[in-house]
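Spelled out from the first residue to the last, the chains are:
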Amino acid sequence: MSTLDSLYLAIIELNEALALKLAREAVAERGVTPQMILTTCQQALRMVGERYERREYYLSALVMAGELFNEVLAVVQPFQHLVETEGRAGTVLLGTVRGDIHDIGKNVFAAALRSHGFNVIDLGVDVPKEAFLAETERSRPDVICLSGLVFAAYDSMRAATRLLRRHTAGLGYRPPIVVGGGTMDGDICSFVGADSWSTDALEGVRICQELLRTNRN
Amino acid sequence: MKPSPRPSPKIRRLKKPPSPEGQNALEPSQPVYLMIADTLARRIAQGTYAPGSRLPSIPQLCTEFGASPMTVRRALAALKQKGAVSCVQGQGTFVRVPDLSKATFRLSSGTGRWVEGSAETRLLSVAMDRADAKTARILGLAEGERVVSLRRLVTDPSGPLMYYCEYVLYDPRRPLLESQLQPTSLDAFLQSDRGVRLPRGELTVRAVNLDQESANIFNQPEGKAALCLEHVFLDAEGRPASWGYVLLRPDLFQLRAQLDTIGK
Ligand code: B12
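Residues numbered from 1 in each chain as written. Chains lettered and ligands numbered in written order. Predicted model: local features only at pLDDT ≥ 70, side-chain atom pairs only at ≥ 80, totals over all residues.

Draft legend 1. Expanded view of the site of the ligand. Not every one of the 36 residues close to the ligand is listed here, only the nearest: Gly105, Ser147, Gly180, Gly182 and Gly204 of chain A. The environment of the ligand is shared, with nearby residues belonging to chains A and B. Elements that contribute at least two residues to the shell around the ligand include exactly helix H3 (34-53), helix H4 (59-84), helix H5 (104-115), strand E3 (143-147), strand E4 (177-180) and helix H10 (201-216) of chain A together with strand E4 (120-130) of chain B. Per-element accounting of the shell around the ligand gives the leading share, 5 residues, to H5 of chain A. Within the shell around the ligand, the residues separate by chemical class into 19 nonpolar, 13 polar and 4 charged. (Near = placed C-beta within 6 Å. Helix = DSSP H or I, 4+ residues; strand = E, 2+ residues; numbered from the N terminus. Nonpolar A, V, L, I, M, F, W, Y, C, P; charged D, E, K, R; others polar.)

Draft legend 2. Summary view of the domain arrangement of chain A. Residues and elements named next belong to chain A. Assigned domains within chain A: domain 1 (3-84) and domain 2 (90-216). Measuring from the centre of the C-alpha atoms in domain 1 to the corresponding centre in domain 2 gives 25 Å. The set of elements that each furnish at least two residues to the side of domain 1 that touches domain 2 consists of H3 and H4. Here the element with the most residues in the side of domain 1 that touches domain 2 is H4; it accounts for 7 residues. Looking at the side of domain 1 that touches domain 2, its residues break down into 6 nonpolar, 5 polar and 1 charged. (Domains from an automatic or database assignment.)

Draft legend 3. The arrangement of the environment of Ser214 of chain B in detail. All names here are of chain B. Take Ser214: it is sitting in helix H7 (residues 212-218). Under the C-beta neighbour-count criterion, Ser214 is labelled buried, with 20 such atoms within 10 Å. Sequence separation between Ser214 and Tyr163 is 51 residues; the distance between their C-alpha atoms is 7.5 Å. Dropping the residues within four chain positions of it, Ser214 is found in contact with Tyr163 and Leu247. (Buried ≥ 20, exposed ≤ 12 C-beta atoms within 10 Å, placed from the backbone. Contact = placed C-beta atoms within 7 Å.)

Draft legend 4. Inspection of the interface of chain B and chain A at higher detail. At the junction of the two partners, chain B supplies 15 residues and chain A supplies 10 residues. Counting only elements with at least two residues in the side of chain B that touches chain A, the list comes to E4 and helix H5 (176-181) of chain B. Among the elements that make up the side of chain B that touches chain A, the one with the highest residue count is E4 of chain B (5 residues). Residues of the side of chain B that touches chain A, tallied by class, amount to 10 nonpolar, 1 polar and 4 charged.

Draft legend 5. Region of interest: the packing of helix H6 (residues 129-139) of chain A against helix H7 (residues 151-166) of chain A. All names here are of chain A. Taken N-terminus to C-terminus, the directions of H6 and H7 make an angle of 35°; their axes are 9 Å apart at the nearest point. Along this stretch, H6 crosses H7, giving a crossing that reads as right-handed. When H6 is examined against H7, the residues Lys129, Phe132, Leu133 and Thr136 are found in contact with a partner set consisting of Ser156, Ala159, Ala160, Leu163 and Leu164. Residues belonging to the contact of H6 with H7 are distributed by class as follows: 6 nonpolar, 2 polar and 1 charged. (Axes fitted to C-alpha atoms, helices over the stretch in contact; angles between N-to-C directions. Left-handed = near helix turned anticlockwise from the far one by under 90°.)

Draft legend 6. Spotlight on H3 of chain A. Residue and element names in this part refer to chain A. For H3, which comprises 20 residues, the first-to-last C-alpha distance of 29 Å matches the rise-based estimate of 28 Å (1.5 Å per residue) to within 8%. Residues Pro34, Ile37, Leu38, Thr40, Cys41, Ala44, Leu45 and Val48 constitute the buried set of H3. Seen along its axis, H3 keeps its buried residues to an arc of 155°; they face one direction. Exposed residues pointing more than 90 degrees away from the buried face of H3 are listed as Arg46, Glu50 and Glu53. Directly after H3, the chain includes Arg55, whose backbone phi takes a positive value near 60°. (Expected span 1.5 Å × (residues − 1). Arc of directions from axis to C-beta.)

Structural data, given as structure tokens:
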């Protein structure tokens, strides 16, 4: 069995010590890219989610899986920069909106963006709309990404979008806003007034790439 | 938690007075000695007579209540029976230091606002953590083992009221976190009017000094004294499943213990 296969199983079994050991081995292995390791983690995370749906696992398993993802990320990230970030794809401002503390998916999405060469500014969870505005003024991101899963998040996304749009003149540009999370759909996106949406990290990356392309032309 | 409509006596009235003559305290016209006992009990509960302090002497009490020494002695005997005071031969009657593990707690907010629906509980974080020495001891783990930590804040329009930290045993195959996330777990714990009685030693109350983090949250100076309620929740088998503490905003909450040795 390859190191990546073992890593996949270790994460599904939530075996922290083993997963970290394997992640360290994998980064040192030839022919294994950081991207491959992260993809493996994402697949494993999905399996943990399925076990949760089947009630083989409970909530704390998901929290642990999210933690494992972050820990593996910390192992992989130093190597990632050596390889991939040459042609900076652009800057993305990201955060889980006010009233919502789900961040497992947001972190997965951030990792996917980074592994595609994006510079990601992650404001964390429960982020008030004013913080998105202030950070936009400061670092002038190419895209603003709002993550959220609970109902309350949709109102916060809408409030943040409105605030940013009201300041378009002051900012001097209109950064595209993308919303995402497992419970997102087109209706919520139009309620929020965002430019695009997704329920999948990789699709989210493609959307950001697309938005940058159209904005540059 | 509904504020009681009237200032209720904090020590329940005796059901069976230790009456040598077999008087019945539940008669509408209460014997004088019981009224005196009640008054003294109320003062003890309110802190007029501090734990460990000496009550006024029998002659003093006779003067105050206009009662005979016999009646005052009977009142003191009733209090002693309740466990509220102890008598030291030749020295007087002393307020017992309450045994908190035998008390039923009522938490009363200065305002009562936070129960009126204007209060909300915000989950601040749920994260993987590692057991420190205390958590390890309480939950029966080795230090450094994984636990899930929860942080919550109860707020109302006036600001934060309670800061709640909980450490839950990490077990991916049991819904321990689920049960802690149910709003009722916290409510039940704080249900003041009914008073939650936890098994002996499961609830402790301490005065603490706010550390930097909690001082920031309450917007109060660091080091300020606050009440801290610590508790252990047990699983169905009676093993500890989580422990936590609730910090109460210093200016809002008082704690009243209702001694529960009455009628036993
Ligand atoms: C794990 C979990 C938790 C954990 C979160 C731990 C953490 N650190 O994140 C804890 C226990 C804390 C939790 C708490 C609560 N939860 Co919860 N939780 C979940 C659960 C089971 C999984 C979420 C998850 O992590 N999925 C895995 C990740 C990888 O997927 P994802 O988030 O969808 O992210 C992917 C994509 O969406 C995308 N993505 C994410 N963000 C973004 C952003 C952009 C811009 C883009 C493009 C893409 C993108 O990238 C990821 C990879 O593809 C879901 C149910 C479910 N099966 O989804 C409920 C769920 C989200 N929770 C729910 C609820 C109600 C709550 C609570 C209110 C429960 C309570 N009674 O307290 C609290 C919320 C408190 C708060 N204020 O936020 C509901 C939300 C329903 C709703 N719409 O309102 C759900 C759907 C469960 C349900 N069916 O009821 N929860």
